[in-house]
Amino acid sequence: MSDKFKLNFLNTLKKINRAGYILFLATILFVWGAGLKLSTALAIYYLAIYVIMFAVDELILKKKRNKFPFLLFQIRLFAYTLLVCIGTIIGKIPIVLTISLLCFIIVLLIEDLYLSDVFNTFFNYIKRIIIGVVVCICFIFIQRGGEVEGAWILLYFIVTIVVVSSIFLAYELFYRAILSLDDRYTKLYFKNADMIEENKKLIKFQERVEKVNSEINYQKINLTKAIDDLAKINEESRSLIEVMKYFSASFDVEKNAEVMVNNVVDIKKTGTVALYMEKDVYMNDEPYLHINSSNPVTEELLKKDILNIYNAIHRRESFTPLVLCDNYDFKYPYLTGGNICNAVAFPAYENDRIYGVMVVTSSKYDFFENGFSFYESSIMDFTSALISDRLYLKTEDMAKKDGLTKIYNRIYFNQFYPELKSEIEQEENGILTVAMLDIDHFKNVNDTYGHLAGDEAIKSVARVDDKYAKLHNGTAVRFGGEEFLLILRGKGLMETYEILKQMHEEIRTNIVEFEDLKISINTSMGLASYPETCSNIHEIVDRADQAMYYSKEHGRGRITIDGREGEDVQ
């Protein structure tokens with residue numbers, strides 16, 4: 001029997017003992033009170049030993065024991081049996097009490113069976129023989145010895161043999177049952193142990209499966225992220241290809257810059273993107289700045305700080321991106337004061353020269369966590385297109401402009417002037433004013449100082465012509481050898497006349513220096529305006545030419561207004 005079973009049995013035994021002792025005591029009292037031939041001494045004896053045995057059992061079974069008290073229960077079995085049998089010597093016991101006492105001894109034997117650890121031993125057999133014989137002697141020979149005579153005395157021996165044999169038979173049956181149950185228990189135990197082991201294996205396998213599932217889920221998450229990243233990269237690549245296609249079909253640098261900036265905003269969902277280029281990058285006389293922003297405050301900050309950012313890029317002498325702000329941590333004193341969480345400046349460079357900067361800002365946290373490759377690719381693509389555009393513009397400029405003076409030539413004039421006249425005619429109040437000027441005594445300059453000096457004189461006049469054309473959104477043209485045009489759209493006659501007076505004075509006071517020579521030159525000018533002096537726009541150049549020749553024929557170094565040739569205008 002297992003210790004656990006024995007402890008459980010002891011707890012149950014405690015409850016059964018209490019009920020049994022109460023029942024046995026009640027039986028004694030009943031027999032004694034009923035006058036069933038039970039002596040007072042015998043009644044007191046049995047009452048006393050039952051009380052003592054009850055007290056001893058309560059003491060034995062008082063607490064749970066970690067170890068089963070085997071020896072104590074063996075002593076208890078013999079002592080209790082002996083105490084019960086001693087009563088048979090004291091006096092005659094009624095049949096009712098006899099049955100009660102025998103039942104008590106049977107209970108002791110049953111308890112001993114349940115609490116046995118080892119069966120089928122010599123001690124167990126001897127123990128049961130002794131108890132059986134003692135009980136038979138006390139309850140049969142002593143108590144009933146005088147009731148039979150002669151050969152009937154053998155009946156006592158037969159009863160003794162039957163009792164002892166019954167005890168043996170009951171013990172053997174119980175022992176066989178225990179063996180069978182123990183065998184089943186052993187099989188079940190090992191089967192359970194196998195199941196526990198298999199269960200452990202299953203648990204380990206389940207843990208491995210869960211780990212694999214976790215890894216698979218993690219890989220799924222990574223794969224999903226990778227797919228999303230790949231989709232974004234594909235989208236970015238497609239957008240860059242579309243932008244490059246646009247670049248290849250357009251030679252407008254500023255429009256290309258606008259398309260590139262807008263693409264960055266659309267693809268990356270930025271807050272603001274600004275592109276700055278210094279002057280003379282693509283034949284531009286002024287720095288260029290284009291900003292795409294949804295935040296007016298950020299736009300104003302960029303307008304204010306863009307030149308400082310560009311200079312910081314230049315001073316650093318590096319082509320790597322410059323982090324201006326990283327998650328609200330401003331590295332430089334630029335762009336502060338707006339809702340900017342991240343800002344990075346990307347140098348725009350060609351070969352080893354930085355020509356501009358693209359600034360990208362965002363109000364989102366960790367906006368640049370995926371790196372800068374898209375922005376750098378956008379800048380590089382734009383730079384490649386810029387190189388091609390500049391080559392095209394230079395080639396086109398060479399075709400449009402005079403090689404000596406760098407202002408528009410007669411060929412380009414013949415191309416754009418008809419379109420200009422058509423536009424002016426279609427306007428409701430269109431105004432077009434043309435001034436023609438010619439260098440006075442230019443042949444003498446060539447003959448006196450040489451053709452190279454003459455070229456310097458032509459360039460000097462062309463520079464003044466181009467200066468005032470740009471100041472007033474007009475066009476300067478070298479019309480002939482020493483003849484020039486100033487074409488002003490939207491400027492009236494007298495407004496243009498005041499401009500010509502300034503030009504005339506500047507040309508007259510300029511000194512052309514060539515080698516060691518200082519040459520003074522002057523010009524004759526003619527002025528015509530549509531529709532003030534000329535109702536037919538197609539005649540305006542000729543009318544300006546005629547007015548200019550009037551100036552040359554009437555003293556030179558003067559300005560003549562078409563239709564007012566008789567006026568003395570100096």
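Residues numbered from 1 in each chain as written. Predicted model: local features only at pLDDT ≥ 70, side-chain atom pairs only at ≥ 80, totals over all residues. Heavy atoms only, no water.

Student: Can you help me understand the overall build of the chain in this one?
Tutor: Check the secondary structure of the chain and you find 14 helices and 13 strands. Every one of the 570 residues in the chain was classed for burial, and the buried ones make up 42%. Considering only intrachain contacts with a sequence separation of at least 6, the fraction spanning at least 24 residues in the chain is 66%. Surface accessibility of the chain: about 31500 Å² in total, with carbon and sulfur atoms responsible for 58%. (Helix = DSSP H or I, 4+ residues; strand = E, 2+ residues; numbered from the N terminus. Buried < 20%, exposed > 50% of the residue type's maximum accessible area, 1.4 Å probe, protein only. Contact = heavy atoms within 4.5 Å. Areas by Shrake-Rupley, 256 points an atom, 1.4 Å probe, with all protein chains shown as cover.)

Student: Explanation requested: the environment of Thr 270 in the structure shown.
Tutor: Summarising the element assignment, Thr 270 is placed in the loop between α7 (253-268) and β1 (272-277). On the basis of relative accessibility, which here comes to 10%, the residue Thr 270 falls in the buried class. For the pair Thr 270 and Lys 364, spaced 94 residues apart in sequence, the C-alpha separation works out to 8.6 Å. Apart from residues no more than four positions distant in its own chain, Thr 270 is found in contact with Val 264, Val 265, Val 360, Thr 361, Phe 367 and Tyr 375.

Student: Teacher, can you tell me more about the packing of aromatic side chains here?
Tutor: Describing an aromatic ring pair means giving the distance of the ring centres and the angle of the ring planes. Counted according to the given criterion, the structure contains 17 aromatic pairs. Arranged with centres 5.3 Å apart and planes meeting at 85°, the rings of Tyr 50 and Phe 104 form a pair that is edge-to-face. With Tyr 50 in helix α2 (residues 40-60) and Phe 104 in helix α4 (residues 95-114), this pair connects stretches of sequence that are 54 residues apart. Phe 104 shares its class with Tyr 50; the two are buried. (Phe/Tyr/Trp six-rings, centres within 6.5 Å; stacked < 30°, edge-to-face > 60°.)

Student: For this particular structure, what's the right way to read the packing of helix α11 (residues 442-449) against helix α12 (residues 451-471)?
Tutor: Between two packed helices, the angle of one axis relative to the other and the distance separating the axes together describe the packing. Packing of α11 against α12 brings their axes to within 6 Å, and their N-to-C directions diverge by 140°. As summarised for this structure, α11 and α12 are arranged oblique, according to the angle between their axes. Here Phe 442, Val 445, Asn 446 and Tyr 449 of α11 lie close against α12, whose contacting residues are His 451, Ala 453, Gly 454, Ala 457 and Ile 458. Here the contact of α11 with α12 is composed, by residue class, of six nonpolar, three polar and no charged. (Axes fitted to C-alpha atoms, helices over the stretch in contact; angles between N-to-C directions. Parallel < 35°, antiparallel > 145°, perpendicular 65-115°, else oblique. Nonpolar A, V, L, I, M, F, W, Y, C, P; charged D, E, K, R; others polar.)

Student: Quick question: what am I supposed to make of the pattern of salt bridges here?
Tutor: Once the charged atoms of two side chains with opposite charge are near each other, the side chains can pair. For the coordinates displayed, the defined rule picks out 22 salt bridges. Note that Lys 552 and Asp 438 form a salt bridge whose closest N and O atoms lie 2.6 Å from each other. Linking Lys 552 in helix α14 (residues 540-553) with Asp 438 in strand β7 (residues 432-439), this pair joins segments that are 114 residues apart in sequence. The class of Lys 552 is buried, set by a relative accessible area of 16%. On the basis of relative accessible area, Asp 438 is assigned to the buried category, the value being 4%. Here Asp 562 makes a salt bridge to Arg 543, at a shortest N to O gap of 3.1 Å. Residue Asp 562 is located in the segment after β13 (559-561), and its partner Arg 543 is located in helix α14; the two are separated by 19 residues in the primary sequence. (Salt bridge = Lys/Arg side-chain N within 4 Å of Asp/Glu carboxyl O.)

Student: Any chance you could explain the sheet that holds β7 here in plain terms?
Tutor: Paired through their backbone hydrogen bonds, the strands of a sheet run either parallel or antiparallel. The strand order across the open sheet formed by five strands is β8-β9-β7-β12-β13, and the pairing between neighbours is mixed. Of all strands in the sheet, those with a lone pairing partner are β8 (475-478) and β13, marking the two edges. Averaged over all neighbouring strand pairs, the angle between strand axes comes to 20°, with direction disregarded. Examined bridge by bridge, strand β12 (residues 523-530) and β13 share three bridges and lie parallel to one another. Bridge assignment links Met 525 to a residue of β13, and that residue is Ile 559. Along the sheet, α12 makes contact with β7, β8, β9 (483-489) and β12, crossing β9 at roughly 0°. (Pairing = 2+ DSSP bridges.)

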